[in-house]
Every structure is written in C-alpha cells, then in structure tokens.
Amino acid sequence: MDEVVALASELIRIDTTNTGEPSGTRGERLAAEYVAERLEDAGYETTYVESGAPGRGNVIARLRGADEERGALLVHSHLDVVPAEPSEWSVHPFSGEVSGGYVWGRGAVDMKHMVAMSLAVARRFRRDGVVPPRDLVFAYLADEEAGGVNGAGWLVRHRPELFDGVTEAISEVGGFSLTVGDGVRAYLVETAEKGVGWLRLHTRGTPGHGSLLHTDNAVARLAAAVTRLDAHEFPLMLTPPVRDFLAGVSDLTGVPFDEDDDPAKVLGRLGSVARMIGATLRDTANVTMFSAGYKDNVVPSTASAIFDCRLLPDREEAFLREVDAVVGPGVEREWKSMPSVSTTFDGTLVDAMTAAITAEDPDARLLPYMLSAGTDAKAFQRLGIRHLGFAPLRLPPDLDFTALFHGIDERVPVDGLLFGTRVLDRFLRMC
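Residues numbered from 1 in each chain as written. Predicted model: local features only at pLDDT ≥ 70, side-chain atom pairs only at ≥ 80, totals over all residues. Heavy atoms only, no water.

Caption draft 1: How the structure looks around helix α5 (residues 218–231). Taking 1.5 Å of rise per residue, the 14 residues of α5 would be expected to cover 20 Å, and the 20 Å separating its terminal C-alpha atoms lies within 8% of that figure. Within α5, the full set of buried residues consists of Ala218, Leu222, Ala225, Val226 and Leu229. All buried residues of α5 fall inside an arc of 100° around its axis, so they share one side. Along α5, the residues that are exposed and aim more than 90 degrees away from the buried face are Thr227 and Ala231. At its buried positions, α5 is contacted by β10 (195–204), β12 (284–292), β14 (302–311) and α9 (316–327). N-capping of α5 is provided by Asn217, with a side-chain oxygen placed 2.9 Å from the backbone N of Val219. (Helix = DSSP H or I, 4+ residues; strand = E, 2+ residues; numbered from the N terminus. Expected span 1.5 Å × (residues − 1). Buried < 20%, exposed > 50% of the residue type's maximum accessible area, 1.4 Å probe, protein only. Arc of directions from axis to C-beta. Contact = heavy atoms within 4.5 Å. Polar contact = N/O pair within 3.5 Å; in protein donor to acceptor, adjacent residues only side chain to side chain.)

Here you go:
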C-alpha cells in the first residue's frame, strides 16, 4: 500500500472527535503525537504545543529552503473531526477501511487526506534531501471544527514566532476537481471564504401554567421570529471571486453568463457542487439550535435560538440591520463573528499550482472560487499571511464531494490521494 494511503487510514483510526465541548473532545494529542513521530522519524525537529486546554495538541516543523530572503510557505491541516454516529454509516466511521477504491471514515475529506498528503511529501523531502525554493512550515492543528480557539487561534495569539517569515499559506477545500462541459476538469482554488457569525436570538415573556390563556409567550414570539428569518432571502451580490468563477465555468460549458441575469443558469451545470457555490451568492442564516422550556405544563419566561450565519465580505453591518428588521421588536440579539478572507488569483504561487496540476492533468483548468464555510485561514490572516485553499484531489465525475463534508460515509478516492500527493510534491518543489 502506498504510504499516503496507509497514513490516511491510520489517521482516520485515531478518533479526534471535536464536539466543541471539553467533555466531548478527544484524540487530538494522540494524532499530534502520531504526526510528530513520523516527522521525527524522517529527520525533522518538531515543536509540540498544547494550548491552555490539556490534550489539544499542535505540531509544527520547518524545512529550510534555498532562498532565505523569500517569505516562507505555511502548509497547514487540522487534526480534529466532527462527530459521527456509527449506526448511520456503511462502515465504522473510525475504521479507516480501504475498500472499493476509497479510504473510508470521518475526516477522510475534512481533512485527514491533506494531513496524510502533506506528511507523506514532507517525509519524502527530508529523506531524499530535497531543498525547496523557500522555507516550508508544516503545521498540524487542533480545534478547527470549533473555530480554532485551541488551535490556530491560540498559536497566533501565544506562539506567533513559530510562523516567523511566513507570507503565504495553503490548506483545505481547494484544488479538487469538478467535471464540467464535455469531460473537462476544472480544479477549484479557494481565494476567498465568507465571514462566520453566530447569532443568538432571545425572547422574554410572562411565565405561567400551560392551561391558561397567554398573550406574552416567549416561545411563540421566538418561533415567529425564527420562521421569518429562516424564510428571508438576503440580496444577491456578485463578489470578484464568484464573478470570476462563474465566467470561467461559462467559458468551459458554453453557457452564457450575464451579470444582469440569473446565475442559476450557470450553476445548474455544476451538479452537487452548485449548493456550495450557490451559498456564496448571498449572505445566509440557518437556525441550528432552539432552546426553551423545562416542563410540559409550564409556559417558560425565556426562549433562545442560535443561527449559523455566513457573510460576504464587508457585509456585517448591513447584515445585522437586515436581521433586526426581519425578526422585529421584542427579540434580543447577541452576536459574535470571524472575518471573511480574500486574496487575488494571481502571482507565482498560483503559477506553481497551475504547473503542478497540468503536469498531471494536461487539459485541466484552474478556477478561483469563494468557500461558503470557514477555515483556520481566518486566524492566520491576523499575521498578514495570504491564504489559498489548495489540497489537490482528482475526483470521479459522479462523486458528490461536497456532501461528504461532515456527511455520512465520508470517503476519499485512493486514486485521488495518489494524484494529490504527486501534485503537492511538484508544487512544493517549485513554489
């Protein structure tokens, strides 16, 4: 078995579930120690760091490059995964089973495949004495699935010297293929990601016995506000990366793209990935939690709901004004957020990505796009680091890739892993 496949399988078998609560989070230290051992076995000096919370392990290693005057490139991956219910899966989510041409398990695409690929390339470079064009900093991080508070965010605040000299970074949710037109593969490179906001709506009312008449019911008031916000559609806005992506798809498919027309005409040719791209056309607010009451015959005095909100760049103030207008009076609002990330699709780094991909897939086309979710790039941009999503994978045309993120039967193609490792190897030799 190729090393990258074995690494991916073994990493998946380490249960690094992150529920966002200390009592439900496990395995990050074990995974970090696993990575550190394999880096050290190849000759690296590693730095193992736990944040203020015990067990939240992070590993950083640096490979010196030929040009000490150039800024270093950060290659970062996260070790944690979201929970998985074994009864819902075809295989056990932490089995790391290799069958049917796939490596199966929680984290296979989010994002232990990139942990395995970067680890395999890092080990090969050190064993073979490869000197890259500039310093490479490999980072394997905790807690991304809960906002990176005990991972990238903590390191940026408390150990920024580990990233001295880093000017650019690559990480997840980019570099994967999308088959469009007549079998043409476009590889999507993330140049931007939406901002993240957590919105809590809170209502108060008059408590009392459930058998009486009530005109001041906190639960009813909140439910009405949640329904209004859930049904609300925020305005469509074409940001530069989305506009460039749609124009590129239009060129590949022959479907005209008119900025004054409905982008759905272009998105309709993208298959399942249209859900993710479509979510970058406007702000979104999805209710994820609802809490009220403590007994079936008592009308409670309070109720609350939480929305997961994803915002286009520079939209926070306008978004919150719109939310206030939609939910109406009598609803209190709490808000916390993380900023959007954005860069341009140009420069030597993009040139190196293009060369590495086309060396393995000559007819490929690289397109920029905006990620509807968030990554550890939000933390690293506080250090002035430019970020691009590039974890290369060549995917079967019929694979619903976006559904695998946090989904049931998460899996990554073995051929995709081998392809991605070759591309990453080429890219890091010329970056």
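Having seen the model, we can carry on.
Caption draft 2: The pairing of strand β6 (residues 136–141), seen in detail. Judged by how many residues are buried, β6 sits mostly within the fold: six of six residues are covered. Here β6 shows two buried faces, one formed by Leu136, Phe138 and Tyr140 and the other by Val137, Ala139 and Leu141. Pairing between strand β2 (residues 57–63) and β6: five bridges, direction antiparallel. Across the sheet, the residue bridging to Ala61 is Phe138, located in β6. (Pairing = 2+ DSSP bridges.)

Caption draft 3: Looking closely at the sheet that holds strand β4 (residues 98–99). Judged by pairing direction, the sheet is antiparallel, and its three strands sit side by side in the order β4-β5-β19 without closing on themselves. Looking at which strands have only one partner, the edges of the open sheet turn out to be β4 and β19 (411–413). Two strands pair when backbone bridges link them, and strand β5 (residues 102–104) and β19 are joined in this way by three bridges, in the antiparallel orientation. Residue pairing for β19: Tyr102 is matched across the bridge by Pro413. Those strands touched by helix α1 (residues 3–12) are β4 and β5, and its axis lies near 20° from that of β5. Along the sheet, helix α3 (residues 108–128) contacts β5 and β19; its crossing angle with β19, the most-contacted strand, is approximately 50°. (Axes fitted to C-alpha atoms, helices over the stretch in contact; angles between N-to-C directions.)

Caption draft 4: Fine view of α9. Counted at 1.5 Å a residue, the expected span for α9 with its 12 residues is 16 Å, and the 16 Å between its end C-alpha atoms agrees. Where α9 is concerned, the buried positions are Phe319, Leu320, Glu322, Val323, Val326 and Val327. Relative to the axis of α9, the buried residues are bounded by an arc of 160° and lie together on one face. Away from the buried face of α9 by more than 90 degrees, exposed residues Glu317, Arg321 and Ala325 are located. On the buried face of α9, the contacting elements are β10, α5, β12, β14 and β15 (332–338). Of the residues one or two after α9, Gly328 is the one with positive phi, at around 80°.

So, to be careful, I would describe these as geometric facts and stop short of saying anything about function.
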